[in-house]
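# A structural walkthrough
The residues making up each chain are set out below.
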Amino acid sequence: MKSLLLLGSLALLLAACSSGSQPIQHPVNQRLANSDSPYLRQHASNPVDWYPWGEEALAKAKAENKLLLVSIGYSACHWCHVMEKETFSDTAVAAFMNRHFVSIKIDREQRPDLDQYFLQAAMLTSGRGGWPLNAIASPEGQPIVAGTYFPTADWMELLQKVFTLFQQNPEQFRQIAGQTAAGIAQMTRPPFLPEAPQPDLAIPQDAARSVLPSFDPHWGGFRGAPKFPMPGLFRFLLAQGQLARDPDATKAAIALLDGLARGGIYDHVGGGFARYATDSLWNAPHFEKMLYDNAQLLALYSEGFRATGNPLYRQVVSETVGFLTREMRDSSGGFYASLDADSDGEEGKYYVWSEKDFLKTLGMKGKLFKDYFHVVPQGNWQEDKNVLFTLETPAVIAQRHGYSSEDFERMIPVAKQLLLEKRSKREAPHRDEKIITGWNALMITGLTEAYRAFGEDSLLSLAEANTASLLGTMQRPDGGLYRYTFEGKAAGKAFAEDYGLLIEALTDLYQVTFNERYLARARELMNYAQAHFRQENSPFFHQSEEGEALLGNVRLLSLEDDVLPGANASLARGLFLLGTYFGEEAMIGQAREMLRLVQPQVRSAAASYHHWARLSLWLGQAPYEVAIVGPGWKALAREWWTAYGPGVLLLGGEQEGNLPLLANKLIPGDTRIYVCQDKVCKLPVTNNAGAREQIAAFEQEKKALIP
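One structure accompanies this document, and this report is about it. The model shown is predicted, which means the values in this text are computed figures rather than measured ones.

### Some remarks on the overall build of the chain
For the chain, the count of helices and strands is 27 helices and 19 strands. A compact globule built from 707 residues would reach a C-alpha radius of gyration of about 27 Å, and the chain, at 27 Å, matches this within 12%. Taking the principal axes of its C-alpha atoms as reference, the chain extends roughly 85 × 70 × 50 Å. Taken across its 707 residues, the chain has 59% of its residues classed as buried. Of the roughly 27,600 Å² of accessible surface on the chain, a fraction of 53% belongs to carbon and sulfur atoms.

Okay, structure coming up:
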């Protein structure tokens, strides 16, 4: 009988939904309109009575015994826009939500802790996660179900089923919700470090072997679709290929670099990368552009250039920096979060070309570049719409059309500039102008790696300006960090990932400036993270102990890496770097203990533990510490910067400075290079050739010790 009543009620509600009035103009929701989130502002005109996350909404749900409906997304999310237009703008849907739920909107970029909590609920209840992320919870905040995008009819069906269960059997509802909350608590329970085995030299090799069979040798990345670049994983493989002389790891990294650079996921007109490709060839992008992807790909392509000298990689870096400085940089020196996939209500409209528009823009050279960029009359993406990508090298195209390779190479930037000028007259995608601490830290690292590779002072200036902006505007009075700024105002307490990524960025910047204040600030941030984000003998929690208690009083902790390096892996690498520079064995020991905790997963699933895998390269075989001290340090250091050396850490300066490894190493009026490993140093030499000979001697000594 209950099931018949449920079906009858559902049928009535679905009928009401299908015959509901068309979206009309509604009063602006001032709670969202006044938010410091562009994503929340996008929903301010919905008929849904949205609340931002906060005590007002949570108290209302408890006081009125209403279900919580939590919807999470971000400004550049295409399917968030689709659900906003199709579902949350429907008056019948909104009426049901407003009557029976307290509805909350969350920007995942502002609150990654809440995002992680409800993602865990989605994985437990539906087996998948993504955005938009939509969850329904008890008035007390325990989730019973969570999922991603729902078409309108499916959404109404879900709402009705959950509401009916809550009304007819509240005890069963709370039992199921309690089980979900308990499952989340179990998934986030901190493990203890000493129980794990010792790390060993085979971890990086096993990690590479765990992922290489899944790679696409021709197009790069993982086989199948959709395809995500995963730059952190390929930075590990590039380093593993170099340090372990592993040709398979090197080939996988180069295949990705080549595939991305020629595919439609790369913006051949304006530079920069889309978030992912929906096909297996990298040619059909999901057009949103995220700062964190582009920052990490800057680092990867710069390292790829240092490893191979491929001029294509230099071009990609130059064009991507051009995009980021032209379209994503704030006057403060920081970089904005993202650009939407949509413009003028249509996905990709800003980026795609009809054959007619393309030919008209390029005039006499239109047919030549139509061939180069694979523009076809029927469209290569959707009907009459072309994404630009390259299937053949410029040399092949030049020969086919009767040009020399040199002449055609000179034509390419001219054609791109014409296309960029024409495209800039279109309605541009919306830009999310939040400046997020951790994402900007990744940008500092990307610019620093680009400076290493190409030696252009403008790149270092951009990195240092970004650093100065972060260290100024993101500074909290207690020594901690803010999560983001928006419209000039800093807000939100930073999360563990922000601290880890900024610590790594500051150590990267030290290696190309030898400015010890960067290391000093990194050490201060690590001390803060140690004091506020972890308990004794545990990894780092996602939020500090002073942060808002999550639903169910769960304090979140994650050990995995995703597209971004995970907080614990990033902080572990920071501990190793700072311990090495400051001579603090306790820091290095803590990094080693943290790696021990996850080493089985690093060995078997490096795609989800790639930043840990990079750390394992150093903990298995300590990097060489190359100290360059004296007035000529910069000229000597530049040779180390441009050569790809993932097993080398640089330090030094015109003076000895304050680092223990530099003590008593200055010879007045002269410049010397000291090659050390585990603080054991060879005699000083005056040139880089001699230093590299010493590294080779170190290698021979180690081989002699192997039985």
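### What to know about the side chain of His 43
Tracing the backbone through its elements, the reader meets His 43 in the loop between α3 (38-41) and β1 (51-52). Given a relative accessible area of 1%, His 43 falls into the buried group. There is a polar contact of 3.5 Å between the side chain of His 43 and the side chain of Lys 105. Setting aside residues no more than four positions away along its own chain, His 43 makes contact with Leu 32, Trp 50, Glu 84, Phe 88 and Lys 105.

### Here we look at empty space enclosed by the protein
Summed over the entire model, instances satisfying the criterion amount to two cavities of 30 Å³ or more. If you go around the largest cavity, you meet 14 residues; those closest to its centre are Gly 264, Tyr 266, Asp 267, Phe 287 and Tyr 351. The class makeup of the residues in the lining of the largest cavity is nine nonpolar, two polar and three charged. Of the volumes computed, that of the second largest cavity is approximately 40 Å³. For the second largest cavity, the full set of lining residues is Phe 228, Pro 229, Met 230, Pro 231, Arg 275, Tyr 292, Asp 293 and Val 563. A breakdown of the residues in the lining of the second largest cavity according to their chemical character gives six nonpolar, no polar and two charged.

### Topic: the packing of aromatic side chains
Enumeration over the complete set of coordinates arrives at 36 aromatic pairs. Here the aromatic rings of Phe 287 and Tyr 351 are separated by 5.8 Å at their centres, their planes lie at 10°, and the arrangement is stacked. Taken together, the residues Phe 287 in the loop between β7 (285-286) and β8 (289-290) and Tyr 351 in the loop between β11 (346-347) and α15 (355-362) connect sequence positions 64 residues apart. With a centroid separation of 5.4 Å and an interplanar angle of 20°, the aromatic rings of Phe 576 and Trp 618 are classed as stacked. With Phe 576 in helix α23 (residues 567-582) and Trp 618 in helix α25 (residues 610-620), this pair connects stretches of sequence that are 42 residues apart. Here Phe 576 and Trp 618 have matching classes, each one buried. Connected via pairs of aromatic rings, a cluster forms that spans Trp 353, Phe 358, Phe 369, Tyr 372, Phe 373 and Phe 408. A cation sits over an aromatic face here: Lys 105 above Trp 50, 5.0 Å from the ring centre. Above the plane of the ring of Tyr 674 lies Lys 665, whose end atom (NZ or CZ) is 5.3 Å from the centre.

### A few points about the pattern of salt bridges
With the rule as written, the count across this model stands at 43 salt bridges. Note that Lys 434 and Glu 109 form a salt bridge whose closest N and O atoms lie 2.8 Å from each other. Within this pair, whereas Lys 434 is found in the loop between β12 (431-432) and β13 (435-436), its partner Glu 109 is found in the loop between β3 (101-107) and α7 (112-125), the two being separated by 325 residues in sequence. In this structure, Arg 235 and Glu 303 form a salt bridge, with 2.8 Å as the shortest nitrogen-oxygen distance. Here Arg 235 is found in helix α11 (residues 231-243), whereas its partner Glu 303 is found in helix α13 (residues 291-308), with 68 residues between them in sequence. Judged by its relative accessible area of 6%, Glu 303 falls in the buried class. Through salt bridges with shared partners, a single ionic network connects Arg 235, Glu 303, Arg 306, Glu 449 and Arg 452.

### Overview of the state of the cysteines
What is meant by a disulfide is a covalent connection between two cysteines, made through their sulfur atoms. Scanning the entire structure with this criterion turns up two disulfides. In this model, Cys 77 is linked to Cys 80 through a disulfide, with the two sulfur atoms separated by 2.3 Å. When the S-S torsion is 80°, as for the bridge of Cys 77 with Cys 80, the disulfide is right-handed. Cys 80 matches Cys 77 in its accessibility class, with the two residues each being buried. Residue Cys 676 pairs covalently with Cys 681 via a disulfide, S to S 2.0 Å. Between Cys 676 and Cys 681, the disulfide has an S-S torsion of 100° and is therefore right-handed. Judged by its relative accessible area of 0%, Cys 676 falls in the buried class. When the cysteines of the chain that form disulfides are numbered from the N-terminus onward, they connect as 1-2, 3-4.

### Thoughts on the packing of α23 against helix α24 (residues 585-604)
Taken N-terminus to C-terminus, the directions of α23 and α24 make an angle of 150°; their axes are 7 Å apart at the nearest point. With respect to their mutual orientation, α23 and α24 come out roughly antiparallel. Crossing of α23 over α24 shows left-handed handedness. Between α23, through Asn 568, Ala 572, Leu 575, Phe 576, Leu 578, Gly 579 and Thr 580, and α24, the contact on the second element is made entirely by Met 587, Ile 588, Gln 590, Ala 591 and Met 594. Of the residues in the contact of α23 with α24, the class split is eight nonpolar, four polar and no charged.

### Section: a nonpolar patch on the surface
A cluster of nonpolar side chains, Met 123, Leu 124 and Met 187, forms an exposed patch at the surface whose accessible area comes to about 260 Å². Here Leu 124 shows up in helix α7.

What counts and how
- Residues numbered from 1 in each chain as written.
- Predicted model: local features only at pLDDT ≥ 70, side-chain atom pairs only at ≥ 80, totals over all residues.
- Heavy atoms only, no water.
- Helix = DSSP H or I, 4+ residues; strand = E, 2+ residues; numbered from the N terminus.
- Rg over C-alpha atoms; globule rule 2.2 N^0.38 Å.
- Buried < 20%, exposed > 50% of the residue type's maximum accessible area, 1.4 Å probe, protein only.
- Areas by Shrake-Rupley, 256 points an atom, 1.4 Å probe, with all protein chains shown as cover.
- Polar contact = N/O pair within 3.5 Å; in protein donor to acceptor, adjacent residues only side chain to side chain.
- Contact = heavy atoms within 4.5 Å.
- 1 Å grid on protein atoms, 1.4 Å probe; cavity = no way out; pocket = protein on both sides within 12 Å on 5 of 7 lines; lining within 4 Å.
- Points joined across faces, edges and corners; volume = space filled by probe spheres on them.
- Nonpolar A, V, L, I, M, F, W, Y, C, P; charged D, E, K, R; others polar.
- Phe/Tyr/Trp six-rings, centres within 6.5 Å; stacked < 30°, edge-to-face > 60°.
- Lys NZ or Arg CZ within 6 Å of the ring centre and 35° of its normal.
- Salt bridge = Lys/Arg side-chain N within 4 Å of Asp/Glu carboxyl O.
- Disulfide = S-S within 2.5 Å.
- Axes fitted to C-alpha atoms, helices over the stretch in contact; angles between N-to-C directions.
- Parallel < 35°, antiparallel > 145°, perpendicular 65-115°, else oblique.
- Left-handed = near helix turned anticlockwise from the far one by under 90°.
- Patch = residues over 30% accessible without salt bridge, like charges linked within 9 Å, V, L, I, M, F, W, Y side chains within 5 Å.

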